[in-house]
Amino acid sequence: MVELSVSLYQTGLKAGRGREVVTNGFNGLAGKRFHFIGAGGIGMSGLIAQLIKHKAKVTGSDQTDGVVIEQLCRGGADIKIGHKEHNLDPATDAVVISAAIREDNPELMLARRLGIRIYKYAEMLGRLFNSYTGIAISGTHGKSTSSAWLAYILKNAGLDPNFTVGANIPQLNGNSGIGSGKWFVAEACEYDRSFLNLKPQIGCILNIEQDHLDYYKDEAEIVEAFRDFALGIKPSGILIANGEDKNLGRIITDSRLRGNDKKIETFGFAKTCDYYADKIEENSGLYTFDVYHNGQLLGRASNSVPGKHNVANALAVIAAASSAGIEPATILRLLPGFTGVERRLMLKAQLKGITVLDDYAHHPTEIRASLKAIKERFKPNRLWCVFQPHQYSRTRFLLNDFAESFKLADITLMPEIYFVRDSLQSKKEVNSQVLVDKIKANGSEALFIDGFGAICDYLTKHVGPGDVVVTMGAGDVWKVADEYIQWLGKNS
């Protein structure tokens, strides 16, 4: 395991009452006290699990209970439901907050009064990540799948990596893991510019589109953030970039990226890319393809995760794994063993001739890609999409794009928008009925139904054998799938 030569205190993590939190990588964390506010988030929970495995003492809180909180508590964390001052032990060494925590949070306010060092999740992750040889996977779409896929390959190639990913990986028993190797694979999120805390040896940018416009003012500012991420790759490092993305084209031509020993490798479907796919064949939604690097055939690849968009993700993974020193033959042998992460085109059940899926797509580009993959993979009589928009601000900013995204669904059912990081004013500016009307105006069938129970009732009355139902969105719409599956089980 790589050792961190400076303490977290020296890099800024100073506890209340002058105590220092000293660590060599993860090794020096035993007995240190960390309090996580917003502990149930996928990234926060993964970091908690890593700290617990190294015998740190972890407390925390979250607004809602659930499976993640239960797992953390079983693992040794003390997580309270609800945010209250008495949840925070004054002897805490450091407080870690999720991006969703507001300044008026009572635990955060107490931590400030006590002088306890406070870190955003991304800052804390960065301090651990940067003590290893890091691989950071960024992009508007595909981060979770690609970073999980890469961690899977590194682990099965014998490199035993550390990793933290924004989704549960069944094959790796969670969304984070601690290995004995030098590599640390991290999903790098652009929201709040959090990925700028990561200084990787290998940095990957899958794509760049408009998103998080509640934080960024426009697409140009988003591109600049990704440019800063690329510039943050270590001088002797490697940037792996989508060679067909127009926004990335503005980054990889930046002379500052080429002014040192940093290397740039591109990937894509065009033969002008360093890594490209050729002779692509689709069979029931799964793809096989030849992989080339600098014009040289590396071999034939096959995916076990559906969709053509995952061919592009596979190329990025191949480029990253090769840059980490794994032989191409080994990469191509391991590639099809990866079967995906939770909530990404996830098969939940097949009952009474009905297939039920769950998917995380919450951006127009992702919706189109997922619906196309579902059509290819399952060939449904009718495709029912239960879509829960995520954020009022995202829905308003991308309203017209959303309205065009559901053409491959036979019918889209929509509850109210999932409220997160939104203002009360934003709720007045758009709602699900507005989006439903826009979808219908574009020639697709859509229906607003208020409440998950009512949606499930509608499905029970109208879905038939040969149909596919997919719940879709970054909120809690997966509950509809679970409720509907229960009904199918009882009535099969």
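Throughout what follows, the structure given in this document is the object of discussion.

**Thoughts on the sheet that holds strand S5 (residues 117–120)**
Reasoning step 1: Spatial ordering of the open sheet is given by S3-S2-S1-S4-S5, a layout of five strands whose pairing is parallel. Either end of the sheet is taken by a strand with one partner, and the two such strands are strand S3 (78–81) and S5. Strand-to-strand, the axes of this sheet are offset by a mean angle of 20°, without reference to chain direction.
Reasoning step 2: Pairing analysis gives four bridges linking strand S2 (residues 57–62) to S3, with the strands arranged parallel. Paired with Gly60 across the bridge in S3 is Ile79.
Reasoning step 3: Lying over the sheet, helix H1 (residues 42–53) contacts strand S1 (33–37), S2 and strand S4 (94–97), oriented at roughly 165° with respect to S1.

**Some details on helix H16 (residues 478–490)**
Reasoning step 1: The end-to-end C-alpha separation of H16 is 19 Å, in line with the 18 Å expected for 13 residues at 1.5 Å each.
Reasoning step 2: Considered for burial, the residues of H16 that qualify are Val480, Ala481, Tyr484, Ile485 and Leu488. Angularly, the buried residues of H16 cover 130° about the axis, an arc narrow enough to put them on a single face. Across from the buried face of H16, at angles greater than 90 degrees, the exposed residues are Gln486 and Lys490.
Reasoning step 3: Buried-residue contacts for H16 involve strand S16 (346–351), strand S17 (354–359), strand S18 (383–387), helix H15 (452–462) and strand S21 (468–472).

**Some thoughts on unusual backbone geometry**
Trans is the common state for peptide bonds, and a negative phi is the common state for residues other than glycine.
Reasoning step 1: One non-glycine residue, Asp160, adopts positive backbone phi at about 45°.
Reasoning step 2: Among the secondary structure elements, Asp160 is positioned in the loop between helix H5 (143–156) and strand S7 (162–169).
Reasoning step 3: Positive phi is not limited to glycine here, since Ser284 has a value of about 55°.
Reasoning step 4: With respect to the helices and strands, the residue Ser284 is situated in the loop between strand S13 (275–283) and strand S14 (286–293).
Reasoning step 5: A relative accessible area of 32% places Ser284 in the partly exposed class.

Calculation rules
- Residues numbered from 1 in each chain as written.
- Predicted model: local features only at pLDDT ≥ 70, side-chain atom pairs only at ≥ 80, totals over all residues.
- Heavy atoms only, no water.
- Pairing = 2+ DSSP bridges.
- Helix = DSSP H or I, 4+ residues; strand = E, 2+ residues; numbered from the N terminus.
- Axes fitted to C-alpha atoms, helices over the stretch in contact; angles between N-to-C directions.
- Contact = heavy atoms within 4.5 Å.
- Expected span 1.5 Å × (residues − 1).
- Buried < 20%, exposed > 50% of the residue type's maximum accessible area, 1.4 Å probe, protein only.
- Arc of directions from axis to C-beta.

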